[in-house]
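Fold and contact review
Below, each chain spelled out in residue letters.
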Amino acid sequence: CFVQGSRKREQWQVGSTVQMALIGAMSGPSLAFSALPSRVPVHAIPASQQPPQRLASGASDGSHQEASATLVASAAAAVAVAARATKRPASSRLRVVRAAGVSGEEAAAVGRRGGVLAGCAATVTGLGLCWPKPAVATEKLTKQAVEKARADLEQIIKGDPNKGPTLVRLAWHSSGSYDKVSKTGGSGPGTIRFKEELAHGGNAGLDKAVAWLEPVKQSNPSVSYADLYTLAGVVAIKALGGPDVPWRAGRVDSMSPSDVTPDGRLPNAYNGSAPKDVSHLRDVFYRMGFNDQEIVALSGAHALGRCHADASGFVGPWTPTPTTFNNLYFKLLQNSAWEEGCIKGETCKNPQYRDAASQQFMMLPTDIALLKDPSFKKYVELYADDQKLFYQDFSKAFSTLLELGTKNLYTV
């Protein structure tokens with residue numbers, strides 16, 4: 001919007017400014033001054049995150065804040081600043097532009113009416129009142145806020161256990177884009193909510209999981225998207241019978257799709273041959289900083305869920321208990337006879353394996369590759385024989401995965 005001096009229009013009255021200052025002081029941190037510069041252009045905020053077109057009140061955790069003596073004092077200060085601004089000469093009237101591409105220095109060059117707004121902004125900004133944006137971990141989450149988010153996530157999984165494995169995949173894929181050399185990607189910025197990243201081949205179908213979590217985000221506004229997606233994976237693992245996974249908060253949401261990393265950083269399930277599958281797994285996971293033991297431990301997440309032809313082109317569950325986290329994936333991988341082909345009654349778009357006995361369960365080429373490499377195979381055998389050891393190693397590796405590309409995390 002534009003606010004520009006005009007001798008044909010009456011100047012704003014100080015009384016109006018006082019009224020705005022009082023409203024701002026009483027309304028709390030989500031009041032938006034639409035004529036003032038914003039650090040984030042409105043058009044850069046996804047539609048689902050744009051603020052409501054009304055004056056709203058609330059702290060970072062969504063609770064109502066009572067007006068305090070400090071806020072009333074801020075209104076009085078705004079009155080004084082506004083009064084001084086209206087005494088500036090007409091020749092000093094300049095244009096205030098709040099639009100994409102205009103720098104803060106340019107927007108700061110304000111005239112008489114701009115001075116009124118700037119006076120209000122200076123006072124209100126000092127109290128942290130600004131255009132409402134998605135939670136970006138500027139304030140530490142409380143234990144109560146995290147417990148409420150956990151409870152909401154548990155309700156989703158309780159209502160439909162089949163959503164649990166997809167939430168684990170969402171957490172996995174939001175983190176698995178990390179590159180330890182360039183220090184880009186990872187769970188930190190929460191970019192998997194952007195359509196540009198959801199369009200990556202490995203993320204097919206995850207738009208559904210993002211949509212499932214949107215109501216949770218709206219009811220837990222102090223939790224960033226990036227924290228919410230990783231927490232969802234941790235909650236799902238536990239709700240489906242798996243181990244406790246250490247989780248820390250503090251991820252800061254990116255506001256720009258330009259932070260989305262290039263496609264191709266997630267593992268491909270088929271690479272042409274077993275040796276190429278083995279090499280590909282190491283290329284992808286070593287890039288993130290993992291070793292062979294951690295690669296196999298993380299592969300154990302395939303105990304959950306199933307593949308869908310319309311998403312990945314592969315079809316079928318890995319185990320007969322796709323909503324229970326256990327070490328059955330390793331037991332079946334080690335002890336079953338596997339043959340190339342789709343599971344019984346289904347049509348696959350990509351090469352995969354099925355168990356020869358029942359033809360009801362599947363393995364991806366990269367799963368079978370774990371048996372082809374001696375370093376990988378020894379861990380498959382260990383985890384098939386010892387579920388407690390698998391839980392211990394998976395918990396550590398998954399927690400590490402979820403913290404890739406983050407900084408300044410803290411325990412809640």
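A short tour of the structure in this document, coming up. Since this is a predicted model, take the numbers as computed values, not measurements.

Concerning helix H8 (residues 206-219)
Count 3.6 residues to each turn of an α-helix, and residues three or four apart come out pointing the same way. Helix length check: H8, at 14 residues, gives a terminal C-alpha distance of 21 Å against a target of 20 Å (1.5 Å per residue), a fit within 8%. The sharpest bend along H8 measures roughly 30° and falls at Leu213, with the proline Pro215 sitting one to four residues further on. Of all the residues in H8, the buried ones are Leu206, Ala209, Val210, Leu213, Glu214, Val216 and Lys217. If you follow the buried residues of H8, they end up packed against helix H5 (143-159), helix H6 (163-175), helix H7 (195-198) and helix H9 (225-239).

Looking at the environment of Gln387
Locating Gln387 in the fold gives a position in helix H15 (residues 387-402). Given the relative accessible area of 30%, Gln387 is considered partly exposed. Residues Gln387 and Asn327 lie 60 residues apart in sequence; the distance between their C-alpha atoms is 5.5 Å. In this structure, Gln387 is in contact with Asn326 and Asn327, ignoring residues within four places of it in sequence.

Looking at the sheet that holds strand S7 (residues 362-363)
Here we have three strands laid out as an open sheet, ordered S5-S6-S7, and antiparallel in their pairing. Where the open sheet ends on each side, the last strands, each with one partner, are strand S5 (338-340) and S7. Direction of pairing for strand S6 (residues 353-355) relative to S7: antiparallel, over a ladder of two bridges. Paired with Arg354 across the two strands is Met362, which belongs to S7.

Some points on the nonpolar core
With 81 residues, the main nonpolar core has Leu213, Phe285, Met288, Leu298 and Phe398 as its most contacted residues. With nine residues, H9 is the largest single contributor of residues to this core. Apart from residues no more than four positions distant in its own chain, Leu213 is found in contact with Leu153, Ile156, Leu167, Leu170, Leu228, Tyr229 and Ala232.

Let's talk about the state of the cysteines
Structurally, a disulfide amounts to a covalent bond that connects the sulfur atoms of two cysteines. Counted under the stated rule, the structure contains one disulfide. A sulfur-sulfur separation of 2.0 Å characterises the disulfide bridge that pairs Cys342 with Cys348. Between Cys342 and Cys348, the S-S torsion sits near 80°, and that sign places the bridge as right-handed. On the accessibility criterion, Cys348 (22% relative accessible area) is partly exposed. Between Cys307, a free cysteine, and Cys348, which holds the nearest cysteine sulfur, the sulfur-to-sulfur gap is 9.2 Å.

Considering the packing of helix H12 (residues 328-335) against helix H14 (residues 374-385)
As a packed pair, H12 and H14 sit with axes 8 Å apart at the nearest point and diverge in direction by 120°. When the axis of H12 is compared with that of H14, the two are oblique. Between H12 and H14 lies a crossing whose hand is left-handed. Here H12 contributes Phe330, Lys331, Leu333 and Gln334 to the contact with H14, which in turn contributes Val380, Glu381, Tyr383, Ala384 and Asp385. Grouping the amino acids of the contact of H12 with H14 by side-chain chemistry returns five nonpolar, one polar and three charged.

Rules and cut-offs
Residues numbered from 1 in each chain as written. Predicted model: local features only at pLDDT ≥ 70, side-chain atom pairs only at ≥ 80, totals over all residues. Heavy atoms only, no water. Helix = DSSP H or I, 4+ residues; strand = E, 2+ residues; numbered from the N terminus. Expected span 1.5 Å × (residues − 1). Bend = angle between axes of the 7 residues up to and from the residue. Buried < 20%, exposed > 50% of the residue type's maximum accessible area, 1.4 Å probe, protein only. Contact = heavy atoms within 4.5 Å. Pairing = 2+ DSSP bridges. Core = buried A, V, L, I, M, F, W, Y, C linked by side-chain atoms within 4.5 Å. Disulfide = S-S within 2.5 Å. Axes fitted to C-alpha atoms, helices over the stretch in contact; angles between N-to-C directions. Parallel < 35°, antiparallel > 145°, perpendicular 65-115°, else oblique. Left-handed = near helix turned anticlockwise from the far one by under 90°. Nonpolar A, V, L, I, M, F, W, Y, C, P; charged D, E, K, R; others polar.

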